[in-house]
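Topology and contacts: notes
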Amino acid sequence: MAENVSIVASGHTRFGRLDGQNLEALIVAAATEAIEEAAIDPAEIDAVYLGHFNSGMVPDSFASTLIHQTHPGLRFKPATRCENACASGAAAIYAGINAIRAGAAELVLVVGAEKMTANSTEQVTRALAGASYQNDPVEAGMTFPQLFGIAAQQYTERYRDPLPAMAQIAVKNHANAMFNPLAHMRRETDFAFCNTVSEKNPVIAHPLRLTDCSLISDGAAAVILASPTRARRFQREVTFRAISQVNDFMPLHRRDFLSFEGPTRAIQQAYQRAGVSVEQLDFAEVHDCFTIAELLIYEAMGLAPRGEGYRALKEGTVYREGRLPVNLSGGLKAKGHPVGATGVSMHALAFRQLTARAGEMQKVGAELGLVFNMGGAAVANYASILEARRA
């Protein structure tokens, strides 16, 4: 079971436009911090996993063993790269968990990393579009802003105009990022700006505005996973009380995109396996690649009925001082979204929340958290319930 595996250390670079660091430097920086925090000899690590999307954004097509550049003690350790679009980071963590559960490892280093900003916005958009269905001429020609723009249009047709709620999500996440020194964009914004199309907030793909879209970022994050036997030796421990991975059909014509069935199944399955309800969570870090995605995730989490995700905002539930704050880190919207790093970042910062080391981001008394990382248009879905065991 997943509860037999724990996070015992973390590493995290700043996210942003990091011109002086290539992919290898980012990987090494995050891995080094995690190893130093764990206070272990790197030779004790049994295996390493890398979450990395790439899709032509960097020339490093064989990146898994770049982790070995961190320390000579990692030489000859088995290294595997995991790719599942924007959920590559969570994919790498779950691969590490499975290695421990299978008895093949006791101590695993997981790194997620992406170097994106050396490319133009057009190049990045084209690279990310490779994570959509390529065997349909209509879908293959669409960008991810266009795909999630469809979701926003469908939401209007089926329920109500989501744009005001989406603007509120953008404002919330930018405000949260002000407390995160690692965030890409630490700049507050207001509702009027986010909810109004302007020269500085243009439409990117109808009806999504610039402020509805996550950032193109560089960055890396790392966690060290341990078996129950090894975890007891560490100063801090956060346990995976439950995990769930759900992959849906990729072609949009084979499913109701707006129902977000994959995310809903993953999150609800994680609740069931952990024996908890949404009311018991203290915080959540979720995949707000676009603000409409966060709105739909509120509904998948059970914070509001279908078509009424706005209630989680109206009632104050998901704000910093609310009952269940969502994306205290600033989320992908403001913390940044270096694709392969995102899922590992979510888990690393949740680990810090649950060990009372999140600085100004800290939710006082946090004991139980949800992490939800998503790849593609709700295709690859990973939900983790994390519980503080020892801080």
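Anyway, here's the lowdown on the structure attached to this text. Just so it is clear, the structure is predicted and the values come from calculations on it, not from any experiment. (Residues numbered from 1 in each chain as written. Predicted model: local features only at pLDDT ≥ 70, side-chain atom pairs only at ≥ 80, totals over all residues. Heavy atoms only, no water.)

1. Some details on unusual backbone geometry
- Cis geometry marks the peptide bond from His206 to Pro207; its omega dihedral reads 0 degrees.
- The phi dihedral of Ala356 falls on the positive side, at around 55 degrees, and the residue is not glycine.
- Checked against the element boundaries, Ala356 lands in the loop between helix 13 (339-354) and strand 10 (368-375). (Helix = DSSP H or I, 4+ residues; strand = E, 2+ residues; numbered from the N terminus.)

2. So, the environment of Ile93
- Its location among the elements puts Ile93 in helix 2 (residues 88-101).
- Between the alpha carbons of Ile93 and Leu109 there is a distance of 8.8 Å; along the sequence they are 16 residues apart.
- Residues within four places of Ile93 in sequence aside, it is in contact with Val110, Val223, Leu225, Phe240, Gly343, Val344 and His347. (Contact = heavy atoms within 4.5 Å.)

3. Looking at helix 1 (residues 23-38)
- For helix 1, spanning 16 residues, the distance from its first C-alpha to its last is 23 Å, which sits close to the expected 22 Å at 1.5 Å a residue.
- Of the positions making up helix 1, those classed as buried are Leu23, Leu26, Ile27, Ala30, Ala31, Ala34, Ile35 and Ala38. With its buried residues spanning 155 degrees around the axis, helix 1 presents them on a single face.
- Check the buried side of helix 1 and you find it contacts strand 1 (6-12), strand 2 (47-51), strand 4 (107-114) and strand 7 (219-226).
- The N-cap of helix 1, judged by a side-chain oxygen 3.3 Å from the amide nitrogen of Glu24 a few residues on, is Asn22.
- Immediately downstream of helix 1, the backbone of Ala39 shows phi near 55 degrees, a positive value. (Expected span 1.5 Å × (residues − 1). Buried < 20%, exposed > 50% of the residue type's maximum accessible area, 1.4 Å probe, protein only. Arc of directions from axis to C-beta. Polar contact = N/O pair within 3.5 Å; in protein donor to acceptor, adjacent residues only side chain to side chain.)

4. Things to note about the packing of aromatic side chains
- Tallied over the full model, the rule gives five aromatic pairs.
- When the centroid spacing of 5.4 Å and the interplanar angle of 70 degrees are considered together, the rings of Phe148 and Phe257 count as edge-to-face. Linking Phe148 in helix 5 (residues 144-158) with Phe257 in the loop between strand 8 (237-247) and helix 9 (261-274), this pair joins segments that are 109 residues apart in sequence.
- Taking the centre distance of 5.1 Å and the plane angle of 65 degrees together, the rings of Tyr155 and Tyr159 count as edge-to-face.
- Among the residues examined, Tyr155 registers a relative accessible area of 1% and is labelled buried.
- It is Arg254 that lies over the ring of Phe249; its NZ or CZ is 3.7 Å from the centre. (Phe/Tyr/Trp six-rings, centres within 6.5 Å; stacked < 30°, edge-to-face > 60°. Lys NZ or Arg CZ within 6 Å of the ring centre and 35° of its normal.)

5. Here we look at the side chain of His287
- By secondary structure assignment, the location of His287 is in the loop between strand 9 (283-286) and helix 10 (291-301).
- At 3.0 Å, the side chain of His287 forms a polar contact with the side chain of Asn373.
- When residues no more than four places from it in sequence are discounted, the contact partners of His287 are Cys86, Ala293, Ile297, Leu332, His337, Thr342, Met346, Phe372, Asn373 and Met374.

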